Amino acid sequence: MPVRDLTAEDFVSYRTLASGAFGGGVDPASPTAPRDFSAGQIPLGIDASALPGGPRGVIAAGARIRRDQVALGGGVARCGGIAGLAVHPAYRGEGLFGTLLAAVIARCHAEGMELSMLYPSNPSIYRRYGYQVVARGRSLLVPLVDLQRIPAVPGRRLVPVTAESMPRLRRLYHQLTSGDNLMLRREPPLFPVAVPAHPWSALLLEDDAGTAQGYVSWTRRTDAADGPGLEVHELLGRTRADRQALLRSLGSWSTVTERVRIRLRTEDPVLDVLPGGGARPDPSPEPLVMMRVIDTAATLRARRAPAALDGTFELVVQDATVPAGTCRAAGTFLVSVQHGTITVTETDEQAGAAAPVLGTCRLDIHSASLLLVGGRTLADARRLGLRADADPAAESFLDALLAGPRPSVLDAF
Ligand SMILES: CC(C)(COP(=O)(O)OP(=O)(O)OC[C@H]1O[C@@H](n2cnc3c(N)ncnc32)[C@H](O)[C@@H]1OP(=O)(O)O)[C@@H](O)C(=O)NCCC(=O)NCCS
């Protein structure tokens, strides 16, 4: 079944399909209605007319691939973010999902992307195609009385974020997340340089010299009477004191609302400076993040290696979830690390390695997708029942290479 690039002419048909699946109205007659796919995305689809009795002008299945970039082990990887994947109700249960997703994976490979990512509503259907849950969105409900007790932090001041200061916030975000795994780089055109639309607000935390040391962004909520009056999207500070200063600033909202919801990264450093014991996990469903390795060698090359780690091991990745050649996750690779640089060569498993190797690590695509995005060990993969066998020296080496924070994805400022 042919999967093709969608164009501006397909936009209304795709929007009709997507809003039919996910909700949200489409009024193509409105003068403000978008007329084309947003820049930075690759829309793909299957025509209903390619199916028996299918009409023209209807998209039977469609999805968009976002050209995202993510922080990865001190480097940056290109990542195809899958969005708006839907199959028309007339054609569900006939295998179009698999056809489309295999084409999406192949396209991510053709575009030179190392990884692919998505937020699933049903993880099991994506797992069959090699995507693995690597992170969960987490938010805390925090009573504002807890934050009012935080003492003032000397040498710090707050300034409103405006169009002029937004580039400073973006630069600080890059600095403070560059050591994370999977935090989006948030580059244009997917993330415009402009200040996000009202009612988004933010404050920069500056030192006495005017250097940005942190920021907090939020939206004021008045819609739910018993819900938190403030949604904090992010609270990032360079030091513990900076995070405390930003938390303290939130305490000032206690006259108009009792609680704040704070969106967190995995093992967020904010947790370590949160005073009081009144915080509770947000009871809303936790959004899941799934990742898939598209190109094993390029994923490894995208990261930096710890300075003191030198050695060579063999890595075998098996991928039975898509036909051979769909992408470059599967293969036998010789991975060498020297002076912080990682070199990867694909080898023929039968030929064996010419250089002395520490041993072999064998991963299936599920454990490769879990591990190569960092922050976990082969033992973690085995605990999930995924295949991750290795010679002891090779296992310790790969664990050390991939050590770092557990992955987090926050999708907006
Ligand atoms: C989910 C969706 C994309 C599946 O598309 P589809 O073409 O009907 O799926 P397929 O026929 O290729 O089936 C793929 C597999 O997923 C399973 N599946 C399909 N829909 C499912 C559902 N809602 N819940 C659980 N399993 C489902 C099928 O049973 C099938 O498994 P099998 O291979 O063991 O038989 C489609 O139902 C849809 O568009 N739903 C609304 C939008 C949506 O949920 N998009 C995904 C957002 S993350």
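Going by the annotation in an unreviewed UniProt entry, the name recorded for the protein chain is GNAT family N-acetyltransferase, with Brachybacterium vulturis given as the source organism.

Draft legend 1. Here's a closer look at the side chain of Ser408. Relative to the helices and strands, Ser408 is located in the segment after α10 (392–402). Look past the residues within four positions of Ser408 in its chain and what remains in contact with it is Ala135, Asn181, Leu182, Met183, Arg265 and Thr266.

Draft legend 2. Fine view of the pattern of salt bridges. Taken as a whole and assessed by the stated rule, the structure comprises 25 salt bridges. Residue Glu231 is joined to Arg221 by a salt bridge in which the shortest nitrogen-to-oxygen separation is 3.5 Å. Residue Glu231 is found in strand β11 (residues 230–237), and its partner Arg221 is found in the loop between β10 (212–220) and β11; the two are separated by 10 residues along the sequence. On the basis of relative accessibility, which here comes to 15%, the residue Glu231 falls in the buried class. Residue classification places Arg221 among the partly exposed residues on the basis of a relative accessible area of 32%. Note that Asp272 is salt-bridged to Arg240, the shortest N-O span being 2.6 Å.

Draft legend 3. Broad picture of the packing of aromatic side chains. Per the counting criterion, the structure on display carries eight aromatic pairs. Taking 5.1 Å as the distance between ring centres and 90° as the angle between the ring planes, the aromatic pair formed by Phe11 and Phe37 counts as edge-to-face. Of the two residues, Phe11 sits in helix α1 (residues 11–22) while Phe37 sits in the loop between α1 and β2 (41–47), which places them 26 residues apart along the sequence. Among the residues examined, Phe11 registers a relative accessible area of 6% and is labelled buried. Cluster of aromatic residues (ring-pair linked, three or more members): Phe97, Tyr126, Tyr129 and Tyr131. A cation sits over an aromatic face here: Arg186 above Phe413, 4.7 Å from the ring centre.

About the criteria used
- Residues numbered from 1 in each chain as written.
- Predicted model: local features only at pLDDT ≥ 70, side-chain atom pairs only at ≥ 80, totals over all residues.
- Heavy atoms only, no water.
- Helix = DSSP H or I, 4+ residues; strand = E, 2+ residues; numbered from the N terminus.
- Contact = heavy atoms within 4.5 Å.
- Salt bridge = Lys/Arg side-chain N within 4 Å of Asp/Glu carboxyl O.
- Buried < 20%, exposed > 50% of the residue type's maximum accessible area, 1.4 Å probe, protein only.
- Phe/Tyr/Trp six-rings, centres within 6.5 Å; stacked < 30°, edge-to-face > 60°.
- Lys NZ or Arg CZ within 6 Å of the ring centre and 35° of its normal.

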